[in-house]
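# Descriptive analysis of the structure
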Amino acid sequence: MLCFRFSHFNTGKASFCKAAAVCVALTCNQQAAGGLVAMAEHAVLSPGSSRWRSLACARSELRLDLTLTCGQSFRWRETAEGHWTGVMGGRVWTLTQTDDTLWYHVYRRSDGERKRKRRAGVSLKMENQSGERSTGALPKEEEEPVEVTPGQEEEEMLRDYFQLNVRLGDLYRHWGAADPHFQRIADVFTGVRMLRQDPTECLFSFICTSNNHISRIHGMVERLCQALGAPLCRLDQTSYHDFPSLSALAGAGVEARLRDLGFGYRAQFLQQSAAKILATHGPGWLEGLRAVEYPEARDALRTLPGVGTKVADCVCLMSLDKMEAVPVDTHVWQIAKRDYGYAAGSQQKSITDKLHRDLGDYFRRLWGPYAGWAQSVLFCSDLKKFQKLKGSSPLKRPKKEEEEDEEEEKVVEARAATACASKAIKTEGDGTKKRRRTKAR
């Protein structure tokens, strides 16, 4: 068995650093139960690298640090400075970029991964229909990755995932001409691009967002994949799994298992939505919503357990090609009131369907057919973790507002805990209440 490693590697007490990220074949002599064990690390781009692939893409068209961490997808993490590793299209990728180039490295399982029949963001219909991954059972040992030479297929997957056919610079200029406030934001937050995600992954990830915040959602989605997704590879002691299939999510016992993993009331929504899709519509239904008009797709999604207007709009925008969908949450509502003087519904304490629809229409009139993309730039600029990018700019949010956001996060956590606790209480026949035993988290 050969072990392929990149960048830094250790042999005994000596530490070597390759000047170029070339593929080094090492004989792995470590014996484990069942055979030899391959060792693998996260790839790091080095000068003169020949094993990375690239495509031309300016930072103004795509910034990985903003696009991958602004709450669209929850599968990416920074594994080295400026390097982002995650799962997309059933494969594990490491991405990085220079001023005018997007670099990518793809890991693949050593046992000869079968050829995928989808681009990024397209469901594996045959896989769901055959039930190949329907049980959610995991092999006893994870496969270790070997380096492969990505071909045209990987480049097409990447272009599709980042929707690189859309000229973001032209959109920014259009939005800036129509909206002076956007123009000021755009000078700092360039390259925020919408992803085109797998509809199943997008839907069930966003069901996890109810009463939640980005960092906690990341953890939930990771636990969901670890529990029910097929293992892909292991890098630097980190295991990567594919997103679960609909069949795996709909399986008996899934709700109880996810409750044990801390999903609370969301566990029921996840299992029931998957079961309803398979029983009522079939495995290709979600992908088929790409072909219908935005209102029809949104309303169809809202028939699923745990899917309200905001989640439906997120799924429409981020996986179903509905560029005009404008998800509205408390952040977007606050932006509308603070930066645009939007007064309608200002006395309301919560976001109603009418307010959601009216605010979406307001931004669609302002920004045009790609209004959802423009909204994502403002949403990104309002996230607490990106405030340092504004420096001393007048765009920087007031400290009081940041403190209010921290307090809101605490309230969200408390509400989620209360909701979970209320689900654990059942009324006995004699009218007394008995608390079920719940697993401590």
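Residues numbered from 1 in each chain as written. Predicted model: local features only at pLDDT ≥ 70, side-chain atom pairs only at ≥ 80, totals over all residues. Heavy atoms only, no water.

## Description of the overall build of the protein chain
What the protein chain contains, in helices and strands, is 17 helices and 16 strands. Split into buried and exposed, the 441 residues of the protein chain put 51% on the buried side. In the protein chain, the share of contacts with a sequence separation of at least 24, taken over all contacts with a separation of at least 6, comes to 69%. Taken as a whole, the protein chain presents about 20400 Å² of accessible surface, with 51% of it coming from carbon and sulfur. (Helix = DSSP H or I, 4+ residues; strand = E, 2+ residues; numbered from the N terminus. Buried < 20%, exposed > 50% of the residue type's maximum accessible area, 1.4 Å probe, protein only. Contact = heavy atoms within 4.5 Å. Areas by Shrake-Rupley, 256 points an atom, 1.4 Å probe, with all protein chains shown as cover.)

## So, helix α4 (residues 168-178)
An α-helical turn contains 3.6 residues, so any two residues separated by three or four positions project in the same direction. Turning to α4, its buried residues are Leu 168, Gly 169, Leu 171, Tyr 172, Trp 175 and Gly 176. Down the axis of α4, the smallest arc covering the buried residues is 160°, so these residues share one side. The exposed set on the far side of α4, more than 90 degrees from its buried face, consists of Arg 173 and Ala 177. Buried residues in α4 make contact with α5 (180-186), α15 (353-367) and α16 (371-382). (Arc of directions from axis to C-beta.)

## Quick look at the packing of aromatic side chains
Summed over the entire model, instances satisfying the criterion amount to 15 aromatic pairs. When the ring of Tyr 172 is compared with that of Trp 175, the centres are 5.8 Å apart and the planes differ by 45°; the resulting orientation is tilted. Here Trp 175 and Tyr 172 lie together in helix α4, a separation of three residues that amounts to about one turn. The same class applies to Tyr 172 and to Trp 175, which are both buried. Between Tyr 265 and Phe 269 the ring centres are 6.0 Å apart and the planes differ by 75°, which places this aromatic pair in the edge-to-face class. (Phe/Tyr/Trp six-rings, centres within 6.5 Å; stacked < 30°, edge-to-face > 60°.)

## Description of unusual backbone geometry
Although it is not a glycine, Gln 163 adopts a positive phi angle of roughly 50°. Topologically, Gln 163 is positioned in the loop between α3 (152-162) and α4.

## Some words on the confidence of the model for the protein chain
Scored by pLDDT, the protein chain has a mean of 78; 70% of the residues are at 70 or more. Confidence drops under a pLDDT of 50 for residues 1-39, and excluding neighbours within four residues, the segment shows 78 contacts in the predicted structure. Scored below 50 in pLDDT, residues 110-141 shows 76 contacts in the model against residues more than four places distant or in partner chains. (pLDDT = per-residue confidence, 0-100.)

## Some points on helix α6 (residues 199-207)
In terms of burial, α6 is a largely internal element, nine of the nine residues being buried. Contacts made by the buried residues of α6 are with α7 (214-228), α8 (246-250), α10 (266-281), α11 (285-288) and α13 (309-319).

## Focus on the side chain of His 83
Tracing the chain through its elements places His 83 in strand β9 (residues 83-88). In terms of polar contacts, His 83 uses its side chain to reach the backbone amide nitrogen of Leu 45, at 3.0 Å. Setting aside its immediate chain neighbours within four residues, His 83 contacts Ala 43, Val 44, Leu 45, Trp 52, Arg 77, Glu 78, Thr 94, Leu 95 and Thr 96. (Polar contact = N/O pair within 3.5 Å; in protein donor to acceptor, adjacent residues only side chain to side chain.)

## Some points on the nonpolar core
Among the nonpolar cores identified, the biggest contains 79 residues, and Leu 203, Phe 204, Leu 301 and Trp 373 are the most heavily contacted of them. Excluding residues that lie within four positions of it along the chain, Trp 373 makes contacts with Gln 163, Val 166, Leu 168, Leu 171, Trp 175, Arg 193, Met 194, Leu 317 and Met 323. Within the second largest apolar cluster, 19 residues are counted, among which are Tyr 104, Met 157, Leu 164 and Leu 195. (Core = buried A, V, L, I, M, F, W, Y, C linked by side-chain atoms within 4.5 Å.)

## Side note on the pairing of strand β13 (residues 231-235)
In terms of residue burial, β13 counts as a mostly covered element, since four of its five residues are buried. Inspection of the sheet shows β13 paired to strand β14 (residues 238-241) by four bridges, in the antiparallel sense. Paired with Cys 233 across the two strands is Tyr 240, which belongs to β14. If you look at the hairpin formed by β13 and β14, you'll find two residues sitting between the two strands, and Asp 236 has a positive phi there, around 50°. (Pairing = 2+ DSSP bridges.)

## Quick look at the side chain of Arg 364
As for its placement among the helices and strands, Arg 364 is situated in helix α15. With sequence-adjacent residues up to four places away left out, Arg 364 is seen in contact with Tyr 294, Glu 324, Ala 325, Val 326, Arg 357 and Ala 371.

## A closer look at the packing of α6 against α10
Packed helix pairs are specified by the crossing angle of their axes together with the interaxial distance, meaning the distance between the axes. The interhelical angle for the contact between α6 and α10, taken along N-to-C directions, is 150°, at an axis separation of 9 Å. On the basis of their axis angle, the class for α6 and α10 is roughly antiparallel. Pair α6 / α10 crosses with right-handed handedness. Where α6 approaches α10, its residues Leu 203, Phe 204 and Ile 207 are matched on the opposing element by Arg 266, Phe 269, Leu 270, Ser 273, Ala 274 and Ile 277. In terms of residue class, the contact of α6 with α10 is made up of seven nonpolar, one polar and one charged. (Axes fitted to C-alpha atoms, helices over the stretch in contact; angles between N-to-C directions. Parallel < 35°, antiparallel > 145°, perpendicular 65-115°, else oblique. Left-handed = near helix turned anticlockwise from the far one by under 90°. Nonpolar A, V, L, I, M, F, W, Y, C, P; charged D, E, K, R; others polar.)

## Examining the environment of Arg 159
By the secondary structure assignment, Arg 159 is in helix α3. In sequence terms Arg 159 and Arg 196 are 37 residues apart; their C-alpha atoms lie 9.6 Å from each other. Not counting the four nearest positions on each side in its chain, Arg 159 is found in contact with Leu 55 and Leu 164.

## A look at the pairing of strand β8 (residues 77-80)
For a regular strand, side-chain orientation follows a simple rule: the groups alternate between the two sheet faces. Sheet topology places β8 next to β9; three bridges connect them, and they run antiparallel. Following the sheet pairing, Arg 77 is matched in β9 by Thr 85. Between β8 and β9, which pair antiparallel in sequence order, lie two residues; one of them, Gly 82, sits at a positive phi of approximately 75°.

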